[in-house]
Structures are given as structure tokens and as C-alpha cells.
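Below are the chains, spelled out letter by letter.
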Amino acid sequence: MDISIIVPLYNEAESLPHLFEWIERVMNEHSFSHEVIFVNDGSTDDSWKVIETLRKQAPEVVHAIEFRHNYGKSAALYCGFKAAEGDVVITMDADLQDSPDEVPELYRMVMEDGYDLVSGWKQKRYDNALTKNLPSKLYNATARWVTGIKLHDMNCGLKAYRKEVVKNIEVFGEMHRYIPYLAKNAGFTRIGEKVVQHRKREFGVSKFGINRFVNGYLDLMTLWFLFKFGKQPMHFFGLIGSLSFVIGFFVVFGLAAYKLWAICSGVRAMLIANNPWFHIAILAMILGCMLFLAGFLGELIIRNSIERNNYLIDKQF
């Protein structure tokens, strides 16, 4: 099979017939063998009934997964990736803001240009500039700096993947925003970008609020930490803890040395316990010990984890 198109959705009953008709027209024009996997993320409208109708129209093409309640886009993509059988996997949103006309070129970039992943870039957007465009630019700038992946729109829902990519990454929580980073960490470094058309929403309302930018930042920090120190937590907590303890120790040692000198020299000096630096230093030493122990406990947990030797092997003779 050439292409698997995964469409995660939540309350998009009005858009689905138009989207499926559009997809079918593009697929037939280019003679692609394909499947369309709808993942209904706990919709409360008639989305599932619409999907059942589409299934009757094209039983060999339409496949669907329905969640009992709303788990989120990451869960929908995870299940869609597991079910996909196409050589190239395309993800797109169900709100008609992503154009299926982009699919043939995305497919070509993966199959002919050799990309592992191609992410769409909605260079010209029709969203609200204050609530979406500006925060999106700041978010993407931060993501480029942290991940080292030079994408202008990392969170774009329209992406193309080589099949091996989606079968070797795990999307969880709200990590769908950082699938290119997950792919890079899994060894799929040929990541490209394509300018794609962004269309105005025709039906329904956006399911994402401004809080996604706060959550996105926290998720980015989580991924960065897991990639850098996930298998060696002592390298982070142990280093910071040791530095904190050593600095606190030398501050206390310096205060004690100064007090001893003052006594020997007959110079008046405040009690060590009355000096604010003494309390700051003690706090630094305590925090240092706690961080070091956190790293030590992390190493014990990793040592007993079944994932400790889970490595992705590309080729083997």
C-alpha cells in the first residue's frame, strides 16, 4: 500500500464528508493505493455515525478507531500509527484547514528525496494574529533552539512519515507537538519541510486554547531532559547536587576561617549562626544532598527498568 492517511478528530461531523471526498479525489487522480484511518477521539456529536456512513461507501479504504472518551491528539496518533500499513503515513487534521492536495508532493519527498519525515509549514496563516500567530512564532523559535531541528512550524498537523518512523516512536501525553524531535531522537534525522496551504476553518470551532503553549513548553523541557539524561539521571542531579554541596561547604568553611581569624586577632565579628550567608550555605548543602540522592535513586530505577537496553537497531548482519 502506498499511503495511509490518519485523521484524528473530535466533534468534526460536518467536515468529514467533505474531507473524505477531497482525499478520494486526490488519491484517484494520482492512482495511489491507500487507506484512510479516522480516529474518533471521544466525539460527542455525530462524527462516528458519519464515519460509519463513509465506511459503507468505501469499506476497503475507510478504517476507524473510536475512543470511549477524549484522550487527546497524541493518543489518537499513537493508535493510528499502530494501525497504519502504508509505505508513507500522512497525518492531517479533520477541520479542512489542511489540504489533501499537498499529499502527492509530500509522498514524493519521502519516497524520492529520501526524507524520513516531512513537516508542513503554514507560512501564510488565517488564524488570529494575537492569540495564535504570535505565540506560535515564539513557541517554534524556542523549539528550534532546544531541539536543533530547523522547522518553522513543528506543530503543523500535516506531516508525512516513512513507515519505519511511526513504527519506532512512541507518542504519549501531549507529545504530538514534538514528533519531529521524537523521530530525531530515534535516529531518523532526515527531516524536511514543505510550505503548505492553510485554509480557514469552515465548520465548528478550534479545540485548542492558549494553554497549549504553556503545556507545549513544559513538554519540550520534559523531552529534552529525557533525551539528555533519561538513561543517566545521575549525570544531571549528581552534578548539580555536588556543585551545590561544594559551594555551600566552602562558604561555611570560609565563615569559620574568618571567625577564627577574628578571634585570634581580637577583632569583633558576628556569630556564624547570625550570618545570613551561613543559612544560605547550609540550605545549599542540604539541597545538594537531596539532588545527589535523587540522581542515585534514579540510577537504581533505571538499572531495574526493562527499557534500559532498548536500542533501535537499523541494520544487522
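Residues numbered from 1 in each chain as written. Predicted model: local features only at pLDDT ≥ 70, side-chain atom pairs only at ≥ 80, totals over all residues. Heavy atoms only, no water.

**Student:** Please explain the overall build of the chain as it appears in this structure.
**Tutor:** On a plain count of helices and strands, the chain comes out with 10 helices and 7 strands. Counting all 317 residues of the chain, 43% fall into the buried class. If you take every contact in the chain between residues at least 6 apart in sequence, the share linking residues at least 24 apart comes to 80%. Split by element, the accessible area of the chain, about 17,800 Å² in all, is 60% carbon and sulfur. (Helix = DSSP H or I, 4+ residues; strand = E, 2+ residues; numbered from the N terminus. Buried < 20%, exposed > 50% of the residue type's maximum accessible area, 1.4 Å probe, protein only. Contact = heavy atoms within 4.5 Å. Areas by Shrake-Rupley, 256 points an atom, 1.4 Å probe, with all protein chains shown as cover.)

**Student:** What am I meant to see in the nonpolar core here?
**Tutor:** Taken as a class, soluble globular proteins show a tendency for nonpolar side chains to be buried jointly. Counting residues in hydrophobic clusters, the biggest one holds 36 residues, and the most contacted among them are Phe38, Ile90 and Met92. Mapped onto this core, the elements with two or more residues apiece are strand S1 (3-9), helix H1 (16-29), strand S2 (34-40), helix H2 (47-57), strand S4 (88-91) and helix H4 (103-111). With 7 residues, the single largest contributor to this core is H1. In this structure Ile90 touches Ile3, Ser4, Ile5, Ile6, Val103, Leu106, Leu158, Lys159 and Ala160, once residues within four positions along its chain are discounted. Core analysis: the next-biggest nonpolar cluster, separate from the first, contains 32 residues, Val165, Tyr178, Leu182 and Leu220 among them. (Core = buried A, V, L, I, M, F, W, Y, C linked by side-chain atoms within 4.5 Å.)

**Student:** What am I meant to see in the packing of aromatic side chains here?
**Tutor:** Two aromatic rings are characterised by how far apart their centres lie and by the angle between their planes. Using the criterion set out here, one finds 7 aromatic pairs in the structure. Note on Phe81 and Tyr161: the rings are 5.4 Å apart at their centroids and 70° apart in plane angle, and the pair reads as edge-to-face. Pair noted here: Phe81 is in helix H3 (residues 73-83) and Tyr161 is in strand S6 (residues 159-162), with a separation of 80 residues, a long-range link. Take Phe81: its relative accessible area is 2%, and that puts it in the buried class. (Phe/Tyr/Trp six-rings, centres within 6.5 Å; stacked < 30°, edge-to-face > 60°.)

**Student:** It is not clear to me how H4 should be interpreted in this structure. Could you clarify?
**Tutor:** Every α-helix winds through 3.6 residues per turn, so residues three or four apart in the chain are directed the same way. Every buried residue belonging to H4 is among Val103, Pro104, Leu106, Tyr107, Met109 and Val110, and all of these are buried. Close packing links the buried residues of H4 with S1, H1, S4, strand S5 (117-121), S6 and strand S7 (191-195).

**Student:** Explain the pairing of S2 here, please?
**Tutor:** Of all 7 residues that make up S2, 7 are buried, and the element is covered over most of its length. Burial of S2 is two-sided: the residues His34, Val36, Phe38 and Asn40 facing one way and the residues Glu35, Ile37 and Val39 facing the other way are all buried. Bridge analysis of S1 against S2 gives 7 bridges, and the strand direction is parallel. The residue of S2 that forms the bridge with Ile3 is His34. Of the crossover connections in this fold, the one passing from S1 over H1 to the parallel S2 is right-handed. Sheet analysis places S2 next to strand S3 (residues 62-66), joined by 5 bridges and oriented parallel. Each bridged residue has a counterpart across the sheet, and for Asn40 the counterpart in S3 is Glu66. The β-α-β motif built from S2, the intervening H2 and the parallel element S3 has right-handed crossover chirality. (Pairing = 2+ DSSP bridges. Right-handed = clockwise from strand over helix to strand, strands pointing away.)

**Student:** Explanation requested: the pattern of salt bridges in the structure shown.
**Tutor:** Where charged atoms from two side chains of opposite charge approach closely, those side chains can pair. For the coordinates displayed, the defined rule picks out 10 salt bridges. The partner of Asp116 in a salt bridge is Arg162, and the shortest N-O contact between them spans 3.5 Å. Of this pair, Asp116 sits in the loop between H4 and S5 while Arg162 sits in strand S6; the two residues are 46 residues apart in sequence, bridging distant segments of the chain. This pair shows no difference in class: Asp116 is buried, exactly as Arg162 is. (Salt bridge = Lys/Arg side-chain N within 4 Å of Asp/Glu carboxyl O.)

**Student:** Where do I start with the packing of H1 against H2 in this structure?
**Tutor:** A pair of packed helices can be characterised by two numbers: the angle between their axes and the separation between those axes. Put simply, H1 and H2 touch, their axes get as near as 10 Å, and they point 30° apart. In this view, H1 runs roughly parallel relative to H2, as classed from their interaxial angle. Handedness of the H1/H2 crossing: right-handed. Across from Leu16, Pro17 and Phe20 in H1, the residues of H2 making contact are Ser47, Val50, Ile51, Leu54 and Gln57. In terms of residue class, the contact of H1 with H2 is built from 6 nonpolar, 2 polar and no charged. (Axes fitted to C-alpha atoms, helices over the stretch in contact; angles between N-to-C directions. Parallel < 35°, antiparallel > 145°, perpendicular 65-115°, else oblique. Left-handed = near helix turned anticlockwise from the far one by under 90°. Nonpolar A, V, L, I, M, F, W, Y, C, P; charged D, E, K, R; others polar.)

**Student:** Would you mind showing me how to read the packing of helix H9 (residues 234-265) against helix H10 (residues 276-303) here?
**Tutor:** It is the contact of H9 with H10, at a shortest axis distance of 7 Å, that shows an interaxial angle of 155°. The pairing of H9 with H10 is recorded here as roughly antiparallel in orientation. Taken as a pair, H9 and H10 cross one another with a handedness that is left-handed. Across the contact of H9 with H10, the residue classes break down as 20 nonpolar, 7 polar and 1 charged.

**Student:** What should I look at first to understand H3 in this one?
**Tutor:** Along H3, the residues classified as buried are Lys73, Ser74, Ala76, Leu77, Gly80 and Phe81. Viewed along the axis of H3, the buried residues span an arc of 160°, placing them on a single side of the element. (Arc of directions from axis to C-beta.)

**Student:** I tried to follow the side chain of Ser119 on my own but got confused; where do I start?
**Tutor:** Its location among the elements puts Ser119 in strand S5. Beyond its immediate chain neighbours, meaning those up to four positions away, Ser119 contacts Leu151, Asp153, Met154, Cys156, Leu158, Lys159, Gly192, Glu193 and Lys194.

**Student:** Is there a simple way to explain the sheet that holds S3 in this structure?
**Tutor:** Across the sheet, which stays open at both edges, the 7 strands sit in the order S3-S2-S1-S4-S6-S5-S7 with mixed pairing between neighbours. Both outer strands of the open sheet, S3 and S7, are each paired with one neighbouring strand and no more. Across the sheet, the mean angle separating the axes of adjacent strands is 20° when strand polarity is ignored. Judged from the 4 bridges that link them, S1 and S4 form a sheet pairing that is parallel.

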